[in-house]
Amino acid sequence: MKDIRTGDRLVVRKPHPCSSDTFLVLRTGMDVRLRCEGCGHEIMIPRAKADKMIKTIIRKETD
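Description of the structure in this document. Fair warning: this is a prediction, and the values are worked out from it, not measured in the lab.

What counts and what doesn't
- Residues numbered from 1 in each chain as written.
- Predicted model: local features only at pLDDT ≥ 70, side-chain atom pairs only at ≥ 80, totals over all residues.
- Heavy atoms only, no water.
- Pairing = 2+ DSSP bridges.
- Helix = DSSP H or I, 4+ residues; strand = E, 2+ residues; numbered from the N terminus.
- Salt bridge = Lys/Arg side-chain N within 4 Å of Asp/Glu carboxyl O.
- Buried < 20%, exposed > 50% of the residue type's maximum accessible area, 1.4 Å probe, protein only.

Focus: the pairing of strand 4 (residues 42-46)
Each regular strand carries side chains that alternate between the two faces of the sheet.
Then, number 1: Direction of pairing for strand 3 (residues 31-36) relative to strand 4: antiparallel, over a ladder of five bridges. Along strand 4, the bridge assignment pairs Asp 31 with Pro 46.
Then, number 2: Taking the residues that link successive antiparallel strands as the turn, the strand 3-strand 4 hairpin has five residues, and the phi of Gly 40 there is positive, at about 85°.

Quick look at the structure:
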């Protein structure tokens with residue numbers, strides 16, 4: 001399992017129908033709630049499916 005945290009941005013392998021390929025992580029757990037950066041649509045998917053669709057995790061580092 002990949003280390004996904006709330007506030008991370010995920011670049012996914014297959015883009016959303018709005019053509020954006022980045023999602024913001026709103027909630028983690030057994031399910032992951034994501035918000036599309038392009039259109040704002042929110043989806044909730046199982047953690048295992050989210051792990052498979054991730055290409056890159058962009059984490060905002062805290063000082």
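So much for the structure itself; the text now carries on.
Quick look at the pattern of salt bridges
Two side chains with opposite charge may pair up if their charged atoms get near one another.
Then, number 1: Throughout the structure, instances matching the rule amount to seven salt bridges.
Then, number 2: Residues Arg 5 and Asp 3 are paired through a salt bridge, measuring 3.0 Å at the closest nitrogen-oxygen approach.
Then, number 3: For Arg 5, a relative accessible area of 44% translates into the label partly exposed.
Then, number 4: Look at Asp 3 and you get partly exposed, because its relative accessible area is 43%.
Then, number 5: A salt bridge links Arg 59 to Asp 8, with the shortest nitrogen-to-oxygen separation between them at 2.8 Å. Of this pair, Arg 59 sits in the segment after strand 5 (54-58) while Asp 8 sits in the segment before strand 1 (9-12), placing them 51 residues apart in sequence.
Then, number 6: A single salt-bridge network, built from bridges that share partners, covers Asp 3, Arg 5, Asp 8 and Arg 59.

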